Structures are given as C-alpha cells and as structure tokens.
Amino acid sequence: MVHRRDFTPEATPPLRDLRVIDLSRLVAGNMVSLQLADHGAEVIKVEDPQNGDPLRAWRVQGHSLHWKVYARNKKSLALSLRDPRRSTCCAT
C-alpha cells in the first residue's frame with residue numbers, strides 16, 4: 001500500500017549533511033551528482049579551467065541547455081590537476 005505524503009517546502013532535505021566532489025566528465029556522472037544535489041547534498045563540480053565540463057559544449061540552437069539542467073544545485077570549481085597555478089573558483 002502506498003501512503004499519501006504532502007509536499008512540505010520547509011522540510012529538511014535528506015542529504016543536507018553530505019558533501020560530494022564531482023569529478024565526472026560524462027553525462028551519467030553528471031546525472032548522479034544532479035540527483036544528489038536535488039536531494040540536498042552540497043555538490044562541488046570540478047572542471048578543467050580551459051574548456052570546462054564537456055557537457056557545456058552540447059548546444060541546442062546555440063544554448064547550453066543540457067549544462068543548465070545537469071549543473072543545477074551544484075557549485076563549480078575550475079581546477080587544473082596538471083598545473084595548480086591555473087586553478088580558479090567560481091559558483092554556478
């Protein structure tokens with residue numbers, strides 16, 4: 001039997017105390033971290049400083065629609081694992 005549950009906007013998200021470092025470069029990894037972020041986890045997306053996440057380049061009529069969907073509720077960090085002098089931090 002399925003019990004009815006009302007939506008409560010002020011409810012505490014179940015993963016609010018979880019911090020996730022997202023190093024993924026494919027859609028599947030972005031989708032997993034998106035689900036974690038949607039459930040309250042703090043997700044920090046690490047991207048290449050020169051090109052960003054490859055999903056940013058997927059464009060529909062000139063717009064990065066896929067990135068806007070998959071990056072929601074995440075923080076973004078540009079980090080060069082090869083050259084630490086090129087690393088920057090930015091929030092999305």
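Details of the structure are given in the entry above.
Notes on the structure in this doc start here. Not measured: the values here are computed from a predicted model.

1. Structural notes on the overall build of the protein
Summing up its helical and strand segments, the protein has two helices and four strands in all. Ordered by position from the N terminus, the helices and strands of the protein form the series β-α-β-α-β-β. Whereas a compact globule of 92 residues would reach a radius of gyration of roughly 12 Å, the protein reaches 16 Å, over 25% beyond that. With respect to the three principal axes, the spread of C-alpha positions in the protein is 55 × 35 × 20 Å. Buried positions account for 27% of the 92 residues belonging to the protein. For the protein, restricting intrachain contacts to residue pairs at least 6 apart in sequence, the fraction spanning at least 24 positions comes to 51%. Of the roughly 7,100 Å² that the protein leaves accessible, carbon and sulfur atoms contribute 56%. Charged side chains in the protein number 15 positive and 10 negative. The centres of these two groups are separated by 4 Å.

2. Let's talk about the nonpolar core
Counting five residues, the largest nonpolar core consists of Leu34, Leu55, Trp67, Tyr70 and Ala71. Sequence-distant contacts of tyrosine 70, defined by excluding residues within four places in its chain, comprise Val27, Asn30, Met31, Leu34 and Leu55.

3. Comments concerning the layout of surface pockets
Looking at the largest pocket, its volume works out to about 220 Å³. Around the largest pocket sit 13 residues that line it, and Arg25, Glu47, Asp48, Leu79 and Leu81 are the ones nearest its centre.

4. A few points about the pattern of salt bridges
When their charged atoms lie close together, side chains carrying opposite charge are able to pair. Tallied over the entire structure, the rule returns nine salt bridges. Residue arginine 4 is joined to aspartate 6 by a salt bridge in which the shortest nitrogen-to-oxygen separation is 3.0 Å. On the basis of relative accessible area, arginine 4 is assigned to the exposed category, the value being 76%. A salt bridge links arginine 72 to aspartate 38; the shortest N-O distance between them is 2.7 Å. Of this pair, arginine 72 sits in the loop between α2 (65-70) and β3 (74-78) while aspartate 38 sits in helix α1 (residues 27-38), and the two are 34 residues apart along the sequence.

5. Some points on the pairing of β3
Of the two faces of β3, only one is covered, namely that formed by Lys74, Ser76 and Ala78; the face formed by Lys75 and Leu77 stays uncovered. The pairing of strand β2 (residues 42-47) with β3 spans five bridges and is parallel. Across the sheet, lysine 45 pairs through a bridge with serine 76, a residue of β3. Between the parallel elements β2 and β3, the chain passes through α2 in a crossover that is right-handed.

Definitions and limits used
Residues numbered from 1 in each chain as written. Predicted model: local features only at pLDDT ≥ 70, side-chain atom pairs only at ≥ 80, totals over all residues. Heavy atoms only, no water. Helix = DSSP H or I, 4+ residues; strand = E, 2+ residues; numbered from the N terminus. Rg over C-alpha atoms; globule rule 2.2 N^0.38 Å. Buried < 20%, exposed > 50% of the residue type's maximum accessible area, 1.4 Å probe, protein only. Contact = heavy atoms within 4.5 Å. Areas by Shrake-Rupley, 256 points an atom, 1.4 Å probe, with all protein chains shown as cover. Lys, Arg positive; Asp, Glu negative; His and termini not counted. Charge placed at Lys NZ, Arg CZ, Asp CG, Glu CD. Core = buried A, V, L, I, M, F, W, Y, C linked by side-chain atoms within 4.5 Å. 1 Å grid on protein atoms, 1.4 Å probe; cavity = no way out; pocket = protein on both sides within 12 Å on 5 of 7 lines; lining within 4 Å. Points joined across faces, edges and corners; volume = space filled by probe spheres on them. Salt bridge = Lys/Arg side-chain N within 4 Å of Asp/Glu carboxyl O. Pairing = 2+ DSSP bridges. Right-handed = clockwise from strand over helix to strand, strands pointing away.

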